[in-house]
Amino acid sequence: MQLQSSSIPLPALQGWHPGEQAVQAIIHLPERVAITAIVDRLPEQHRIFHTSRLHFLPVTTLDEQCRPWASILCSSDGMPNFISSPTDGSLTVKARLWPGDPIIRNLRSTQFHHDKPPLISGIGLEVSTRRRNKFTGHISDVSFQELDIDLTLAVTQALGLCPKYINIRSIVPFHAVSPRVIYERLNLRDKERLPDDVIAFIHAADTAFLSTSYVAAQDDAKTYPSRVGINHRGGRLGFVRVRPSDGKTLVLPNYAGNRMMNSLGNMHMTPVAGMVFPSFSSGSVLYVTGKAENLYGAGARTLMPNTNVISTIYVTGFSFVGNAIPLRETGSTERSPYSPPACYLTEEKPPDVSFTDVTVSLIRTRVLNDTLATLTFKTSRAVDIRPSQNCVLDLSEFLRKRSHALLDWQEDESTINDDCVRTWTVSALPTSDIPCIFSVTMRAIKGGLVTPIIHRLAENADPHMTGESIDVAEMDICARLRGIGGDLPVPEAVAACDGGRRLLWIAGGIGLTPFLSLTNHVANLAARGYGVWDVALVLSTREPEVMLDLIRGAFVSARAICQSTADFVFFIHVFSPREFQLPWSFPPFVSLIRHEGRLDDNGTLFGSVDAKSRESHICGPLPFVLNAMKSLKTAGVDPECVKRERFTY
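The notes below deal with the structure included here. Because the structure is a prediction, the values reported are computed rather than measured.

### Focus on the packing of aromatic side chains
(1) Moving on: Going through the model one piece at a time under the given rule, you end up with 16 aromatic pairs.
(2) Moving on: Ring geometry for F555 versus F589: centroids 5.3 Å apart, planes at 80 degrees, classification edge-to-face. Pair noted here: F555 is in helix α11 (residues 544-556) and F589 is in the loop between β27 (568-576) and β28 (590-596), with a separation of 34 residues, a long-range link. Across the pair, F589 and F555 agree in class, each one buried.
(3) Moving on: For R108, the ring lying beneath its charged end belongs to F144, and the centroid distance is 4.4 Å.

Laid out in structure tokens, this is it:
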């Protein structure tokens with residue numbers, strides 16, 4: 001379907017509502033995402049995504065008791081053809097429901113009032129790519145034809161979200177559904193427990209969706225209007241626990257995400273929440289709703305050791321339906337590298353065998369400038385890392401213990417609830433000769449916790465900032481490797497007779513790091529005579545000398561430097577606010593083109609490099625990514641063909 005053109009989205013909100021502000025203050029979070037990231041209509045990419053990529057749509061609606069319930073909407077055949085977007089402020093959904101889904105009761109009993117239409121929130125999630133985009137608004141029209149529902153939604157807020165904790169799976173339509181309501185208890189008595197098979201279903205889940213509600217106080221209603229919310233929650237199997245003592249309180253650990261605190265902020269002000277647990281292996285789906293509470297610090301750890309922030313839902317109603325979802329997963333599930341091992345409750349007996357992550361030891365540091373450093377780690381066993389991927393490190397042991405022996409610093413309230421998990425792109429990969437060594441390049445974040453400490457230690461090892469790689473193994477700095485992530489495509493060789501490979505890499509600041517290992521990968525292939533390569537790297541940076549030296553290092557570390565320019569050309573377009581000089585030169589197949597100022601948004605540069613004929617990948621902070629996408633589109637590049645990753649630190 002051809003979409004009407006979208007107008008430019010504008011900020012949707014005047015600020016974080018009182019609950020979000022309160023939770024941000026309790027956890028002492030520095031603001032990482034601006035409120036302006038939430039816009040007042042659907043960006044064009046969201047409209048394309050919702051209308052062409054989704055096999056299912058989780059949504060939140062309220063029942064007559066104002067309890068939030070999460071539902072799963074699908075087409076009758078499981079195909080991604082049930083959502084359309086007539087305008088950038090609206091969506092229409094034509095879905096096939098099944099008995100037991102609470103949305104049936106919620107919307108059939110709803111009385112529509114022009115001044116107070118029913119609220120809704122939805123989250124589009126593509127489980128095969130980890131892409132997700134959220135929207136919030138209200139229902140302007142609804143009609144039922146038996147179990148078929150037609151919804152017209154007015155969208156007032158839209159937000160793109162990070163891919164953390166989403167487990168990748170491949171799903172396909174499944175037509176042999178036969179929905180059967182196994183349990184439907186919409187109002188549980190106080191001493192009534194969840195059935196054992198329902199608890200087992202929760203403990204076997206690795207994916208759920210959390211529904212919340214924010215009811216604005218009368219004085220706040222104009223500035224911070226009421227809304228409902230829905231967010232993805234994922235982890236390893238059993239990451240959501242049920243208290244054995246009452247058999248009905250769900251305990252949900254809060255994993256560090258976009259740090260907006262939308263869901264926790266909603267529950268802080270309006271202490272109700274719901275969850276839906278879909279199974280893509282059996283098609284069963286569990287819906288729960290109840291009273292919500294957030295616990296922090298010692299209160300959280302008393303209930304669930306080793307966690308600093310949790311939410312509990314005391315279930316007051318649930319519905320469990322078998323063989324309902326017209327989708328099934330095929331093949332194995334790829335666990336998110338961000339997900340920590342499942343935490344068990346104090347009142348539970350953990351399993352005898354637990355997941356053991358790989359240990360990494362910091363062996364070398366290289367200070368690049370007053371904020372950038374390259375860290376080299378040794379793993380306890382060989383780890384497979386592909387070009388452009390990142391490592392997820394749990395640095396809690398280092399931060400809580402070892403760092404205090406190495407530096408004189410004091411923890412305060414702002415550090416207590418930090419999970420000490422950090423994600424850094426791997427800039428130098430393990431090799432077949434050295435399979436346990438890899439490097440990352442990180443920036444010390446002003447106001448951050450882990451990165452400034454590590455940078456200070458690196459400076460202590462090289463007080464004159466010589467730029468040399470320094471052995472720091474004696475510092476005995478260790479971490480746990482939670483996993484390896486990142487899904488930028490790794491280019492393989494294409495012969496000249498098939499046109500070769502034409503790549504366009506676009507990097508904003510430290511967003512260069514994924515392209516370092518990719519550069520090394522391509523240089524190695526070219527050096528061995530594999531394929532024909534034409535690479536254009538567009539780099540926007542305030543630190544051109546440092547960033548270009550990192551690129552040079554990626555070439556130098558290749559197994560053999562390619563001397564022929566016939567099969568390998570590499571253009572670097574550098575945008576910098578100042579002039580600079582390099583005391584060294586690139587290999588002969590590299591051309592350096594300098595530009596003053598910022599990357600244009602009118603397509604001039606991308607037109608000059610024939611971006612339409614290249615495979616485009618972007619990494620950088622959100623404003624940079626949006627500007628580059630605008631410029632690419634103006635240059636005639638299909639936005640759907642651009643691989644992009646928000647990469648801020």
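Read on, since the account is not over.
### Focus on the sheet that holds strand β4 (residues 90-96)
What holds strands together in a sheet is hydrogen bonding between their backbones, with the strands either parallel or antiparallel.
(1) Moving on: In spatial order, the strands read β2-β1-β5-β6-β7-β4-β3; together these 7 strands make up an open sheet with antiparallel pairing. Strands with a single pairing partner mark the edges of an open sheet, and in this sheet they are β2 (68-74) and β3 (83-84).
(2) Moving on: Pairing analysis gives 7 bridges linking strand β1 (residues 56-62) to β2, with the strands arranged antiparallel. Looking across to β2, one finds that T61 is bridged to W69.
(3) Moving on: Contacting β3, β4, β5 (119-126), β6 (131-145) and β7 (148-161), helix α2 (residues 44-52) runs over the sheet at an angle of about 60 degrees to β6.

### With respect to α11
(1) Moving on: If you check α11, its first and last C-alpha atoms are 18 Å apart, about what 13 residues at 1.5 Å a residue would give, namely 18 Å.
(2) Moving on: Those residues of α11 that fall on the buried side of the exposure criterion are P544, V546, M547, L548, D549, L550, I551, A554 and F555.

### Regarding the nonpolar core
(1) Moving on: The biggest cluster of nonpolar side chains holds 37 residues, and the ones touching the most others in it are L194, I202, L250, M275, F277 and L286.
(2) Moving on: Looking at this core, the elements that each hand over two or more residues are α1 (18-27), α4 (196-203), β10 (207-214), β13 (249-253), α5 (262-269), β14 (272-278), β15 (285-296) and β16 (309-322).
(3) Moving on: Looking at which element gives the most residues to this core, the answer is β16, with 5 residues.
(4) Moving on: When neighbours within four sequence positions are excluded, M275 is seen to be in contact with A70, A208, F209, L210, S211, V240, L250, L252, L286, Y287, V288 and I313.
(5) Moving on: Counting residues in hydrophobic clusters, the runner-up holds 35 residues, among them L516, V522, A523 and A526.

### Things to note about the pattern of salt bridges
(1) Moving on: The full count for this structure, using the stated rule, is 24 salt bridges.
(2) Moving on: R96 is paired through a salt bridge with D148; the nearest N and O atoms lie 2.3 Å apart. Of the two residues, R96 is situated in strand β4 and D148 in strand β7; the sequence distance between them amounts to 52 residues.
(3) Moving on: Judged by its relative accessible area of 36%, R96 falls in the partly exposed class.
(4) Moving on: Here E334 ties to R130 by a salt bridge, and the two come within 4.0 Å at their closest N and O atoms. Here the residue E334 occupies a position in strand β17 (residues 327-334), and R130 occupies one in the loop between β5 and β6, the gap between them amounting to 204 residues.
(5) Moving on: According to the relative accessible area criterion, R130 is buried, its value standing at 8%.

Criteria and cut-off values
Residues numbered from 1 in each chain as written. Predicted model: local features only at pLDDT ≥ 70, side-chain atom pairs only at ≥ 80, totals over all residues. Heavy atoms only, no water. Phe/Tyr/Trp six-rings, centres within 6.5 Å; stacked < 30°, edge-to-face > 60°. Helix = DSSP H or I, 4+ residues; strand = E, 2+ residues; numbered from the N terminus. Buried < 20%, exposed > 50% of the residue type's maximum accessible area, 1.4 Å probe, protein only. Lys NZ or Arg CZ within 6 Å of the ring centre and 35° of its normal. Pairing = 2+ DSSP bridges. Contact = heavy atoms within 4.5 Å. Axes fitted to C-alpha atoms, helices over the stretch in contact; angles between N-to-C directions. Expected span 1.5 Å × (residues − 1). Core = buried A, V, L, I, M, F, W, Y, C linked by side-chain atoms within 4.5 Å. Salt bridge = Lys/Arg side-chain N within 4 Å of Asp/Glu carboxyl O.

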